[in-house]
Amino acid sequence: MSAVSVSGPVALGPVITGEVVRDYAAKAGVCVRPLLRQVTDRETGQTTSVVIRCGSTRESRCPPCADKARRLRMQQCAEGWHLADDPLPSKPGDDVPADDDASGSDCELCRDGEGCSDS
């Protein structure tokens, strides 16, 4: 076997640092500080690794998670989650059409009193 000698500098490609990975993740809109958790299936006992987002609300920690949390808070405020009192529920039957027949029959002939084969 012969040894291969290389004369001159060898190009290894770009160096991937943690900062480069965080910048790329932020541009892609995914969590820059994901958490690795072990999840065990209770029925089979099989353990798998799951990556979950950090859930930070601070832009300085994780901009994508902070943006997602901000949008969630805006949606919750629009729905009234911030109110001290719960909104009053609508009256039951507001969206249900009134039933003219007290017998509860769905058949049009029965409601008209003509009789049908269903009864």
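Here, the structure is the one placed above.
Now for a description of the structure that goes with this document. (Residues numbered from 1 in each chain as written. Predicted model: local features only at pLDDT ≥ 70, side-chain atom pairs only at ≥ 80, totals over all residues. Heavy atoms only, no water.)

**Comments concerning the pairing of strand E1 (residues 35–40)**
Item 1. Bridge analysis of E1 against strand E2 (residues 47–52) gives six bridges, and the strand direction is antiparallel. Bridging from a neighbouring strand, Val39 pairs with Thr48 of E2.
Item 2. Here E1 folds back onto E2 in antiparallel fashion, the turn holding six residues, of which Gly45 has a positive phi close to 80°. (Pairing = 2+ DSSP bridges. Helix = DSSP H or I, 4+ residues; strand = E, 2+ residues; numbered from the N terminus.)

**Looking at the nonpolar core**
Item 1. One finds Ala25, Cys31, Val32, Cys54, Cys62 and Cys65 forming the largest nonpolar core, which totals six residues.
Item 2. Look past the residues within four positions of Cys62 in its chain and what remains in contact with it is Cys31, Val32, Arg33, Cys54 and Ser56. (Core = buried A, V, L, I, M, F, W, Y, C linked by side-chain atoms within 4.5 Å. Buried < 20%, exposed > 50% of the residue type's maximum accessible area, 1.4 Å probe, protein only. Contact = heavy atoms within 4.5 Å.)

**Observations regarding the pattern of salt bridges**
Item 1. Overall, the coordinates contain two salt bridges when judged by the stated rule.
Item 2. With a closest N to O distance of 2.7 Å, Asp67 and Arg70 form a salt bridge. Separated by three residues within a single helix, Asp67 and Arg70 lie in helix H2 (residues 63–79), roughly one turn from each other.
Item 3. Asp67 gets classed as partly exposed once you look at its relative accessible area, which sits at 28%.
Item 4. We note a salt bridge from Asp67 to Arg71, for which the minimum N-O separation is 3.1 Å. One end of the pair, Asp67, and the other, Arg71, are both in helix H2, four residues apart, so they sit about a helical turn from each other.
Item 5. The network of salt bridges with common partners includes Asp67, Arg70 and Arg71. (Salt bridge = Lys/Arg side-chain N within 4 Å of Asp/Glu carboxyl O.)

**Focus on a nonpolar patch on the surface**
Item 1. Together, Ile16, Val20 and Val21 give the surface a local cluster of nonpolar side chains, amounting to about 290 Å² of exposed area.
Item 2. One can find Val20 in helix H1 (residues 18–28).
Item 3. With relative accessibility at 43%, the residue Val20 sits in the partly exposed group. (Patch = residues over 30% accessible without salt bridge, like charges linked within 9 Å, V, L, I, M, F, W, Y side chains within 5 Å. Areas by Shrake-Rupley, 256 points an atom, 1.4 Å probe, with all protein chains shown as cover.)

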